[in-house]
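Spelled out, the chains give:
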Amino acid sequence: MLQRIQTIYLLLASAVSGGLIFVFHLWITDSGVSVFAKDELLYLGLFLASAVLSLVTIFMFKNRKSQFVLGRLNIILNFILLGFFVYQSLNVSGETAVSEKGIGMLLPIVSIVLLALANKAIKKDEELVKSVDRLR
């Protein structure tokens, strides 16, 4: 059932986590250098893990419960990534490393919203299947 709405949400979340990190910068240093996720190995790994987890979740459509759990796990992964960004931007004393925050720091929030919408649709499908099973 790849034609469901949660597939579109998961595909968009994968595109945000895997593709837009190369387009939008995370921050600009005080020397004027734009820092992308590909420049920081930790951020690149977390973003790509989120993208791969979204793609794996798409193909788990036969087992909706595990699909729902993988979606939740992906949301937690994006919250961890967001926590690293908050730590990076707030803990630097006197803003010596981060001069200007970029739009790339907001990508985990977009991904979280898309994953929450996908989980809502997965839960709705599961409830529909349960209600049909009661009628049989």
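The rules behind each value
- Residues numbered from 1 in each chain as written.
- Predicted model: local features only at pLDDT ≥ 70, side-chain atom pairs only at ≥ 80, totals over all residues.
- Heavy atoms only, no water.
- Helix = DSSP H or I, 4+ residues; strand = E, 2+ residues; numbered from the N terminus.
- Buried < 20%, exposed > 50% of the residue type's maximum accessible area, 1.4 Å probe, protein only.
- Contact = heavy atoms within 4.5 Å.
- Expected span 1.5 Å × (residues − 1).
- Pairing = 2+ DSSP bridges.
- Patch = residues over 30% accessible without salt bridge, like charges linked within 9 Å, V, L, I, M, F, W, Y side chains within 5 Å.
- Areas by Shrake-Rupley, 256 points an atom, 1.4 Å probe, with all protein chains shown as cover.
- Salt bridge = Lys/Arg side-chain N within 4 Å of Asp/Glu carboxyl O.
- UniProt positions renumbered as here; feature names shortened; annotations may be inferred.

## Some points on the side chain of Asn-119
Here comes step 1: By the secondary structure assignment, Asn-119 is in helix H4 (residues 107–135).
Here comes step 2: Overall, Asn-119 belongs to the buried group, its relative accessible area being 5%.
Here comes step 3: With residues near it in sequence (within four places) discarded, Asn-119 still touches Gln-67, Phe-68, Gly-71, Arg-72 and Ile-75.

## Things to note about helix H2 (residues 41–58)
Here comes step 1: Compared with an ideal rise of 1.5 Å per residue, which puts 18 residues at 26 Å, H2 spans 26 Å between its outermost C-alpha atoms and is within 8% of the ideal.
Here comes step 2: Turning to H2, its buried residues are Tyr-43, Leu-44, Leu-46, Phe-47, Ser-50, Ala-51, Leu-53, Ser-54, Thr-57 and Ile-58.

## Notes on the sheet that holds strand S1 (residues 27–28)
Here comes step 1: With antiparallel pairing, three strands are arranged side by side in an open sheet as S2-S1-S3. The sheet is open, and its two edges are formed by strand S2 (34–35) and strand S3 (100–101), each paired on a single side.
Here comes step 2: As defined by bridge partners, S1 adjoins S3 across two bridges and the pair is classed as antiparallel. By the bridge assignment for S3, Trp-27 is matched with Lys-101.

## Digging into a nonpolar patch on the surface
Here comes step 1: Judged by side-chain polarity, Val-23, Phe-24, Ile-103, Leu-106, Ile-109, Val-113 and Leu-117 come together as a nonpolar surface patch covering roughly 570 Å² of accessible area.
Here comes step 2: Inspection of the secondary structure assignment puts Ile-103 in the loop between S3 and H4.
Here comes step 3: Overall, Ile-103 belongs to the partly exposed group, its relative accessible area being 45%.

## Looking at the pattern of salt bridges
Here comes step 1: Enumeration according to the criterion identifies two salt bridges in this entry.
Here comes step 2: Put simply, Arg-4 and Asp-125 hold a salt bridge, and the shortest N to O gap is 2.8 Å. Highlighted residues: Arg-4 in the segment before helix H1 (5–18) and Asp-125 in helix H4, separated in sequence by 121 residues.
Here comes step 3: Judged by its relative accessible area of 29%, Arg-4 is partly exposed.
Here comes step 4: When the shortest N-O distance is used, the salt bridge between Glu-126 and Arg-64 registers 2.8 Å. Pair noted here: Glu-126 is in helix H4 and Arg-64 is in helix H3 (residues 64–90), with a separation of 62 residues, a long-range link.

## Overview of the UniProt feature "transmembrane region" (unreviewed entry) in the protein chain
Here comes step 1: Per the UniProt record, "transmembrane region" (unreviewed entry) is found at residues 7–29, 41–61, 73–90 and 102–122.
Here comes step 2: Taken end to end, residues 7–29 comprises 52% helix and 9% strand; its first and last C-alpha atoms sit 37 Å apart.
Here comes step 3: Along residues 102–122, the helical share is 76% and the strand share 0%, with 32 Å between the first and last C-alpha atoms.

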